[in-house]
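# Remarks on the overall topology
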Amino acid sequence: MDQPGPYALLGRLAVAAFVMIAPTLCFLGLVRGLERLRDDDIINEWAQRRGGEGPHDDIDHDVLAVLADEMGVEAADSSTVRCPACGAPNRPSMTYCHGCQNRLSS
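Residues numbered from 1 in each chain as written. Predicted model: local features only at pLDDT ≥ 70, side-chain atom pairs only at ≥ 80, totals over all residues. Heavy atoms only, no water.

## A word on helix 1 (residues 6-38)
The following threshold applies: Secondary structure counts use DSSP, requiring at least four H or I residues in a row for a helix and at least two E residues in a row for a strand, with both numbered from the N terminus. The span expected for a helix works out to 1.5 Å for each residue beyond the first. What we call the bend at a residue is the angle made by axes fitted to the seven residues finishing there and the seven residues starting there. Throughout, exposure labels follow a simple rule: accessible area from a 1.4 Å probe, protein chains only, divided by the maximum for the residue type, with under 20% read as buried, over 50% as exposed, and the rest as partly exposed.
An ideal rise of 1.5 Å per residue puts 48 Å on 33 residues; helix 1 measures up with 47 Å between its terminal C-alpha atoms. Maximum bend of helix 1: about 30°, positioned at I21, with proline P23 one to four residues after it. Counting buried residues in helix 1 gives 1 out of 33 residues, a small share hidden from the surface.

What follows is the structure, given as structure tokens:
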């Protein structure tokens, strides 16, 4: 077989580096993008503005509860556990509070 030239070898190395690095960069970009969506200040601000208008004033900081209230779906308060430290509603299966990270009583 013929020996590849320096440009062909450089091209193969560039493709190999791209194949190894590109998936990692795409994954990190996806994770960072999802973190920005989760911590978006616009969503938190919208939830705070909508807070005092519905019958569920005690859960106004929860975006899903605000959306459920807007759609007329009853939010089941019996299926939530209140944090003793901050009063945030949590699912019964949670070990730590999503608001203040304190341990919840089982």
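## Here's the deal with the pattern of salt bridges
Cut-off, in case you're wondering: We count a salt bridge whenever a side-chain nitrogen from Lys or Arg sits within 4 Å of a carboxyl oxygen from Asp or Glu.
Enumeration according to the criterion identifies 1 salt bridge in this entry. Here E35 ties to R32 by a salt bridge, and the two come within 3.5 Å at their closest N and O atoms. Pair noted here: E35 and R32 are both in helix 1, with a separation of 3 residues, about one helical turn. The exposure class of E35 is partly exposed, given its relative accessible area of 32%.

## Thoughts on the environment of N90
The condition is simple: What makes two residues a contact is simply this: any of their non-hydrogen atoms within 4.5 Å.
Looking at where N90 falls in the secondary structure, it is placed in strand 2 (residues 89-90). Take N90: its relative accessible area is 4%, and that puts it in the buried class. In this structure, the C-alpha to C-alpha distance between N90 and T80, residues 10 residues apart in sequence, is 5.3 Å. Every residue in contact with N90, bar those within four places of it in the chain, is listed here: S79, T80, V81, C83, Y96, C97, H98 and L104.

## Comments concerning the environment of A85
Of note, A85 is situated in the loop between strand 1 (81-82) and strand 2. A85 sits 18 residues away from R103 along the chain, and the two C-alpha atoms are 9.3 Å apart. Once residues lying within four places of it in the same chain are set aside, the contact partners of A85 are C100 and N102.

## Observations regarding unusual backbone geometry
Although it is not a glycine, Q101 adopts a positive phi angle of roughly 65°. Mapped onto the elements, Q101 comes out in the segment after strand 2. Overall, Q101 belongs to the exposed group, its relative accessible area being 54%.

## Topic: the confidence of the model for the protein
Selection rule: On a range of 0 to 100, pLDDT expresses the predictor's confidence in each residue.
In the predicted model, the protein carries a mean pLDDT of 76, and the fraction of residues at 70 or more is 65%. Across the protein, helix 1 holds the top mean pLDDT of 91, while helix 3 (residues 63-71) sits lowest at 63.

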